[in-house]
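Structure at a glance
Now for the letters of each chain:
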Amino acid sequence: MSAKHTHISDVLVVGAGLAAERSAIEAAEQGLSVIILSLIPPRRSHSTAAQGGMQASLGNVAMGLGDNPRIHLEDTIKGSDWGCDQEVAKAFCDTVPIMIRQLDAWGVPWNRVTAGKKKYASGVETEDLKEKEGLITARDFGGVAKWRCCYTADGTGHTVMFVVDTVVCKMGITVHDRMEAISLIHDGETCLGVVARDLRTGDLNVYLAKSTVIGTGGAGRIYAASTNAVICEGTGGAICLNTGLVPLGNMEAVQFHPTGMPPVWILMTEGARGDGGYLLDKNMHRFMPDYEPKKKELASRDVVSRRMIQHIRAGYGIQSKYAPQHLWLDIRHLGRKWVWNNLREISNIAMNFNGLDPAKDLVPVLPTQHYTMGGIRTNKNGFAYGLKGLFAIGEAACWDLHGFNRLGGNSLAETVTAGFLVGKEVAKYTLGATQKFDYKLVEGFVKQEEERINNLISGRNGKENAYEIKEAMGQAMMDHVHIFRTGPALQEGVTKLQELYRRSLKIGLRSSGQGANPELAQALRMPGMIRMALCVAYGALMRTESSGSHSREDFPKRDDVNWLKRTLAYWKPGADLPTLDYEPVATPHMPPGDRGYGEATAGPKAAK
Amino acid sequence: MELAKNLQKTLNKSYGKTDLYVDLAESITGIILVGFLWMHMLFVGTIYINNGALFNALSEGLDKYYLAQIGIPATVLVILLHIFMAGRRAPMRLRDLRIAWRLSKMINHYDTWVWVGQVITALLIGIFASMHLWTIMTTWPIEAVKSAHRVAEPGVAFWGGFSIPYYLIFYAIFLLVGEYHAGFGLYRILVKWGWFERHKMGWVLKGITVIIICIGVGALYMFTQVAKMYPHAGGAL
Amino acid sequence: MARQLTFSIFRYNPNKPGDKPRMQEYSFEEFEGLTMFVALNKIREEMDPTLMFDFVCRAAICGSCAMMINGRPRLACKTMTINLPSRITVMPLPVFKLIGDLSVDTGTWFRNLQVKTESWIHTNKKFDPNALEVRMENKIAEQIYEPERCVECGCCVATCVTANIREDFIGATGINRVSRFMMDPRDERSDAEYYEVVGNEDGAFGCVGLMACADLCPMEIPLQTQLAYARRKMAAAGLKLQFAGVKIS
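Residues numbered from 1 in each chain as written. Chains lettered and ligands numbered in written order. Predicted model: local features only at pLDDT ≥ 70, side-chain atom pairs only at ≥ 80, totals over all residues. Heavy atoms only, no water.

1. So, the pattern of salt bridges
All names here are of chain A. Under the defined criterion, the tally for this structure stands at 78 salt bridges over all chains. Here Lys424 ties to Glu26 by a salt bridge, and the two come within 3.1 Å at their closest N and O atoms. Here Lys424, found in helix H11 (residues 410–432), pairs with Glu26, found in helix H1 (residues 18–29); they are 398 residues apart in sequence, far enough to count as distant. Overall, Glu26 belongs to the buried group, its relative accessible area being 3%. Among the ionic pairs, Glu449 bridges to Arg452, the shortest N-O distance being 2.7 Å. One end of the pair, Glu449, and the other, Arg452, are both in helix H12 (residues 439–458), 3 residues apart, so they sit about a helical turn from each other. Accessibility expressed as a relative area gives 27% for Arg452, which makes it partly exposed. (Salt bridge = Lys/Arg side-chain N within 4 Å of Asp/Glu carboxyl O. Helix = DSSP H or I, 4+ residues; strand = E, 2+ residues; numbered from the N terminus. Buried < 20%, exposed > 50% of the residue type's maximum accessible area, 1.4 Å probe, protein only.)

2. Here we look at the packing of helix H3 (residues 86–106) of chain A against H11 of chain A
All names here are of chain A. At a minimum axis distance of 9 Å, the contact between H3 and H11 shows a crossing angle of 90°. Taken as axis vectors, H3 and H11 run roughly perpendicular relative to one another. Residue-level inspection shows Ala91, Phe92, Thr95, Val96, Met99 and Leu103 of H3 in contact with H11, the latter providing Asn410, Ala413, Glu414, Val416, Thr417, Phe420 and Leu421. Split by residue class, the contact of H3 with H11 holds 9 nonpolar, 3 polar and 1 charged. (Axes fitted to C-alpha atoms, helices over the stretch in contact; angles between N-to-C directions. Parallel < 35°, antiparallel > 145°, perpendicular 65-115°, else oblique. Contact = heavy atoms within 4.5 Å. Nonpolar A, V, L, I, M, F, W, Y, C, P; charged D, E, K, R; others polar.)

3. What about the interface of chain B and chain C?
Contacts between chain B and chain C engage 43 residues on the former and 49 residues on the latter. Interface of chain B and chain C: buried area, both sides summed, is about 4200 Å²; carbon and sulfur atoms make up 56% of it. The tally of links from chain B across to chain C stands at 4 salt bridges. For the pair chain B and chain C, the number of links is 13 residue pairs in polar contact (both at pLDDT 80 or more). If you list the elements that add at least two residues to the side of chain B that touches chain C, you get helix H1 (2–6), helix H2 (18–45), helix H5 (94–107), helix H6 (110–138), helix H8 (166–193) and helix H9 (198–229) of chain B. (Buried area = accessible area lost by both parts, 1.4 Å probe. Polar contact = N/O pair within 3.5 Å; in protein donor to acceptor, adjacent residues only side chain to side chain.)

4. A short note on the interface of chain C and chain A
Contacts between the two partners involve 64 residues from chain C and, on the opposite side, 73 residues from chain A. Summed over both sides, the interface between chain C and chain A buries roughly 5600 Å², with carbon and sulfur atoms accounting for 53% of that surface. Its largest share of buried area at the contact with chain A, chain C owes to Arg58, Glu133 and Tyr145 of chain C, together 14% of the area lost on that side. Viewed at the interface, chain A and chain C are joined by 7 salt bridges. Between Arg344 of chain A and Glu146 of chain C there is a salt bridge whose closest N-O contact spans 2.8 Å. Counting across the chain C and chain A interface gives 35 residue pairs in polar contact (both at pLDDT 80 or more). Secondary structure elements with two or more residues in the side of chain C that touches chain A: helix H1 (36–47), strand E7 (103–104), helix H2 (106–116), helix H3 (138–148) and helix H6 (171–182) of chain C. Looking at the side of chain C that touches chain A, the element that brings in the most residues is H3 of chain C, giving 7 residues. Of the residues contributing to the side of chain C that touches chain A, the split by class is 31 nonpolar, 12 polar and 21 charged.

5. With respect to the sheet that holds strand E5 (residues 87–91) of chain C
The pairing of strands in a sheet happens through backbone hydrogen bonds and is either parallel or antiparallel. Residues and elements named next belong to chain C. With respect to topology, 5 strands assemble into an open sheet ordered E2-E1-E5-E3-E4, the strand pairing being mixed. Of all strands in the sheet, those bounded by a partner on one side alone are strand E2 (22–29) and strand E4 (72–75). Taken pair by pair, the neighbouring strands of this sheet meet at an average axis angle of 30°, ignoring direction. In this structure, strand E3 (residues 66–69) lies alongside E4, joined through 4 bridges in antiparallel fashion. Residue Met68 lies in a different strand from E4, and its bridge partner there is Pro73. With respect to the sheet, H1 is in contact with strand E1 (4–11), E2, E3 and E5, its orientation differing from that of E2 by roughly 100°. (Pairing = 2+ DSSP bridges.)

6. With respect to the environment of Val226 of chain B
Tracing the backbone shows Val226 of chain B in helix H9. Sequence separation between Val226 of chain B and Thr18 of chain B is 208 residues, and the spatial gap between their C-alpha atoms is 50 Å.

7. Let's talk about unusual backbone geometry
In this chain, Pro262 of chain A is followed by Pro263 of chain A through a cis amide linkage whose omega measures 0°. Considering the arrangement of structural elements, one finds Pro263 of chain A in the loop between strand E12 (254–261) and strand E13 (266–267). Residue Trp140 of chain B is joined to Pro141 of chain B through a cis peptide bond whose omega torsion reads -5°. Even without being glycine, Arg58 of chain C reaches a positive phi, approximately 50°. Examined against the element boundaries, Arg58 of chain C turns out to sit in the loop between H1 and E3.

8. Points about the side chain of Asp559 of chain A
Residue and element names in this part refer to chain A. Relative to the assigned elements, Asp559 resides in the loop between strand E21 (551–552) and helix H16 (560–563). Arg558 provides the closest opposite charge to the buried, unpaired Asp559, separated from it by 8.4 Å. A polar contact of 3.0 Å, which involves the side chain of Asp559, links it to the side chain of Asn562. Excluding anything up to four places from it in sequence, Asp559 contacts Glu545 and Leu564. (Lys, Arg positive; Asp, Glu negative; His and termini not counted.)

9. Description of the packing of aromatic side chains
The relation between two aromatic rings is expressed through the spacing of the ring centres and the mutual angle of the planes. Using the criterion set out here, one finds 27 aromatic pairs over all chains in the structure. When the centroid spacing of 5.7 Å and the interplanar angle of 70° are considered together, the rings of Phe391 of chain A and Tyr429 of chain A count as edge-to-face. Placement of the pair is Phe391 of chain A in strand E18 (residues 390–392) and Tyr429 of chain A in helix H11, with a sequence separation of 38 residues. When the ring of Phe170 of chain B is compared with that of Tyr171 of chain B, the centres are 5.3 Å apart and the planes differ by 75°; the resulting orientation is edge-to-face. Here Phe170 of chain B matches Tyr171 of chain B in class, with each residue buried. Pairwise contacts between aromatic rings join Phe128, Tyr166, Tyr167, Phe170, Tyr171 and Phe174 of chain B into one cluster. Sitting over the face of the ring of Tyr582 of chain A, Lys565 of chain A holds its NZ or CZ atom 5.1 Å from the ring centroid. (Phe/Tyr/Trp six-rings, centres within 6.5 Å; stacked < 30°, edge-to-face > 60°. Lys NZ or Arg CZ within 6 Å of the ring centre and 35° of its normal.)

Below you can see the structure in the form of structure tokens.
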């Protein structure tokens, strides 16, 4: 076995979700030849699962009047607990309204403003202006000062993904789906492309390009329970980390969404609370106002998730067949019509998986791993650290729009905005770059992958079971690296993961590994996944403060003096633990301060 | 050619308007035939009235005003057209027949089974209608007593003295097959053009079909009674 | 007592020399909340690591996991075994090219469909980054969202007799997709242009009206309405063009 096909293009985009496709469009628009690789057909990407919407300060809806990019920027920085790159956040907030309108021109059926007085189920009474009628409307979301979450019912990710893909189809951009990048080809300085495994046939292919863009999404599946799609295994981050040269930034910043639905852990959109839904405890008491009098259910996600766990620990959780402990999401008072028109996807999900009709039943919810704020560290133009010609984008990247906590609706907005902004930089870089490669070097990388595959098939290194290791990793992350973290627990987690990592190097297949063998695909990913998990756990262990979603019970306060910095995790060859480095976080637009919600503001109040 | 310039380049094979006409023709001929069949059954149903006096009057009327002379060939033409148009839609090749049959069995879906029934009844109607037409044409004009005697024909006696009234059986089957095809055919046409809510419309059409079948069955019974009343074929009313 | 479930699963790996299509059985005891997603993964992880199938979102959002479960096309992720008899037959979707076992290549099929029907907004307007968005009634946005909800799982194509016997037929999903653009005021295509795309037997006039698509659509998209809308619109367009004396290529 050697490389079956070699493909050469100007730009290689790994991943076909929103960020990846949007950057491909930008590059292709400059006349560059682009190839997109994807595990699955683009329209099946996890981007489609985004429900609630996309933050943009259009200021059309009555509750959003007067909104502007500056207010959006402030919300984003506060949300990030001052962990984000403020320059990136500014560029993002300035650009995202244009992106929304461009998506509109491309065909996204954004919901629109209808003029007139209205009373929302949340009790808010407003009057939408005649002059704004027909413009794009927005809904309320967590951690924001103005309503600015633009939406198409609760299928925003779906409509945006499909529309962006129509543009990819229209432009005739080449997409190779069911093609998994399994290693990065580089000469120590420049990234030359990837070795990819064809998931239809099992063949290895080589893709060479002047620029390689990684847009492979998050790594939620390092946790046993995650709202993420099963393909969100952080493959893009892992292959970059494996080079030993490219660092992952802030991997300990993991978002837990307040409303994952047990026992399947599928997301119930934040839009449910944005539209006026409540969280109830076992006494049917709406407890969030007790903790967060100002923002109630709509504090940022890290805060709401912690408050929920705090409330459960205080003994107010519900025990049911859905989960040993959970809380209720109540949107019954929104009325069937509203639920049908604006929250249909989650109604279907609640019905399909738990037989519940949210228009008349309570839905069980529990905070669930949802988003990877960390990722391949890039500069503000999307250039990955460590290798030339390598870019990262979207959830796979740590562009650092989100710092230690991402605001709801900012990730979908990030995908297209980063796609546009970084895509432009990719195009600029590529137009000035030349392509040269030493084919011996390329073949070396192919050989290395062949050897890995042969070893897995023959079981030369051992007979460990890939699925068992994956399950143990997921459980270790659940037990030791979850919402509330402590030094000893994290240390135990790191030790367990290290042990698993060593075992993952001794995986042997139980099947023949022939053709598009699924066990082989999993086995190839395992060491990389555990490395990612170790970056999360070890980064969390070393960060002795609480910031955003990283919440250390032994260090409950944010520590701007010592910790206003970003973790960079490298994986040196032969190591079984990441090497951590740090870089300062600049705050040119807004100095660290009070978020206006959360424990630092509202206090660690106990439940009534 | 201004418009032609605006036409997008497509990878489609271009069909012009043939497909539209074929589709319209299928629907229109279908509707005409359903209309014909239902009208026909109402006419046959007149046998109830005055022991067939109205039946004969209608028949004479058709003859006198040349309605039959024009109507019958026209109907035959519409039937042929309908066979031609609708037939293209049915699986023709053996391979396709097999796929269609296996798929229907696998998905076990009500409307798909109904359609399988339509294909089968279409074939039967092709045979039955020819026979029916032949009988009518060779015994022209249509008269109540003549028809009655045909329906009441005792048929060939078997060795046990048991006889099969083949005309009666023929008409009974023809009635069911014809009305099935007409009722569901009309349903299918209306579904395709989408003017009505499909499930309600289905029940309405099923209701109409049952009524028509009742009229038909009643008419067959009446014919046997008329035949008893006028034991001599050709006897005046 | 929990039921013993038996899964009879279609097995065939076209990439394995000498492999022959066959049905293989797996059984285990049912447990609370068991979906086909959990069941198939359990089989793969514990009984047979070679079993091929596709899941992505496992939340009935992405459309990856359509398969024939007891003869009906369903999204496996949201199919609860409790609603099925204890013997469960699982086959890949027909029409689409088989990748292996339960995995079929819907991606290529749908990609070709998008290109063939030019399913994107056609407009001569240039996007102006400084301008406000073009106004639209919220009602129209909601109407567009209805057909837009299609996840391209392929269930409608798999159950359609016409799509099964005629390779060129674009199926309910294709007609629905095009009708979504017909409803969209931002798409400047004329009736004649749409007619060129779907005014034929491979498109709007090809549907025989069996409605298995509408009855079995996992997203419950009102496909009959969409198919009939496209048919009426295309018939009107064709007749209008006829009376206007316009020749279509």
